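Here are the chains, one letter per residue:
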Amino acid sequence: MNAPFVLMFNLNNPKGARLRMICLKLHFRFRVVDPSEFGLTLEEIVEASSVNAKSEAAPSFNEEMLVFVNFGQKHLNALLNEMRASKLFVSLKAVLTDSNRKWTAEALCKAVGEEHAAMTKGEGHRH
């Protein structure tokens, strides 16, 4: 299995720096995704971790979002617990799956944002 790593969207800020420190502490790799890549599919972004791919489309979202790649439950729990203990909150979080790997970051942000809004309003899962 490939090593777990975190894709960070709109987190090139002090909160992102704190999150990067948590990842280092837990020995997780991470990458702050450049806004020029938001129009790429998640699969392209993951593959572009070693290559600098760019999308022609302008970024269309400003929300902070995390995508967990190659995370098992143990690793996910460790990271989320550490974030909680550090009072570091990012509302939009997703795990890369076979179902969403062909989605653009923008599409995932929209879907996860709608899900988060529904859960916050007590409507439960929308999908």
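Peer 1: How would you sum up helix 4 (residues 105-120)? Please name residues and give values.
Peer 2: For helix 4, with 16 residues, the first-to-last C-alpha span of 22 Å sits near the 22 Å given by 1.5 Å per residue. Of all the positions in helix 4, only Ala105, Leu108, Cys109, Ala111, Val112, Glu115 and Ala118 are classed as buried.

Peer 1: Could you give an account of the sheet that holds strand 2 (residues 29-33), with specific residues and numbers?
Peer 2: What the four strands build is an open sheet, ordered 2-1-3-4; its pairing is mixed. Looking at which strands have only one partner, the edges of the open sheet turn out to be strand 2 and strand 4 (92-95). Averaged over neighbouring strand pairs, the angle between their axes works out to 20° when direction is ignored. Pairing geometry for strand 3 (residues 65-69) and strand 4, over four bridges, is parallel. In the sheet register, Met65 faces strand 4, and the bridge partner there is Leu92. With respect to the sheet, helix 1 (residues 14-26) is in contact with strand 1 (5-9), strand 2 and strand 3, its orientation differing from that of strand 1 by roughly 180°. Sitting on the sheet, helix 3 (residues 73-85) is in contact with strand 1, strand 3 and strand 4, with an inclination near 150° to strand 3.

Peer 1: A description of the packing of aromatic side chains should follow, citing residues and the corresponding values.
Peer 2: Geometrically, a pair of aromatic rings is defined through the distance of the ring centres and the angle of the planes. All chains considered together, the criterion is met by five aromatic pairs. Aromatic rings pair up to connect Phe9, Phe38 and Phe61 into one cluster.

Peer 1: Lay out the packing of helix 1 against helix 3 in plain terms, naming residues and giving numbers.
Peer 2: Two quantities define a packed helix pair, namely the angle between the axes and the distance from one axis to the other. Between helix 1 and helix 3, the least distance of the axes is 10 Å, while the angle of their chain directions is 135°. Comparing their axes, helix 3 and helix 1 come out oblique. For the crossing formed where helix 1 meets helix 3, the hand is right-handed. Contacts from Leu19, Ile22, Cys23, Lys25 and Leu26 in helix 1 reach Ala78, Leu79, Glu82 and Met83 in helix 3. Partitioned by chemical class, the residues of the contact of helix 1 with helix 3 number seven nonpolar, no polar and two charged.

Peer 1: Talk me through unusual backbone geometry; I want residue IDs and the actual numbers.
Peer 2: Even without a glycine there, the phi angle at Asn70 is positive, about 60°. When you line up the elements, Asn70 lands in the loop between strand 3 and helix 3. The phi dihedral of Lys87 is positive, around 55°, even though this residue is not glycine. Inspection of the secondary structure puts Lys87 in the loop between helix 3 and strand 4.

Peer 1: Outline helix 1, listing residues and values.
Peer 2: The end-to-end C-alpha distance of helix 1 is 19 Å, a good match for the 18 Å that 13 residues give at a rise of 1.5 Å each. Considered for burial, the residues of helix 1 that qualify are Gly16, Leu19, Arg20, Ile22 and Cys23. Angularly, the buried residues of helix 1 cover 160° about the axis, an arc narrow enough to put them on a single face. Opposite its buried face, helix 1 presents the exposed residues Pro14, Met21 and Lys25, each directed more than 90 degrees away. Positive backbone phi, at 65°, marks His27, one or two positions downstream of helix 1.

Basis of the calculations
Residues numbered from 1 in each chain as written. Predicted model: local features only at pLDDT ≥ 70, side-chain atom pairs only at ≥ 80, totals over all residues. Heavy atoms only, no water. Helix = DSSP H or I, 4+ residues; strand = E, 2+ residues; numbered from the N terminus. Expected span 1.5 Å × (residues − 1). Buried < 20%, exposed > 50% of the residue type's maximum accessible area, 1.4 Å probe, protein only. Pairing = 2+ DSSP bridges. Axes fitted to C-alpha atoms, helices over the stretch in contact; angles between N-to-C directions. Contact = heavy atoms within 4.5 Å. Phe/Tyr/Trp six-rings, centres within 6.5 Å; stacked < 30°, edge-to-face > 60°. Parallel < 35°, antiparallel > 145°, perpendicular 65-115°, else oblique. Left-handed = near helix turned anticlockwise from the far one by under 90°. Nonpolar A, V, L, I, M, F, W, Y, C, P; charged D, E, K, R; others polar. Arc of directions from axis to C-beta.

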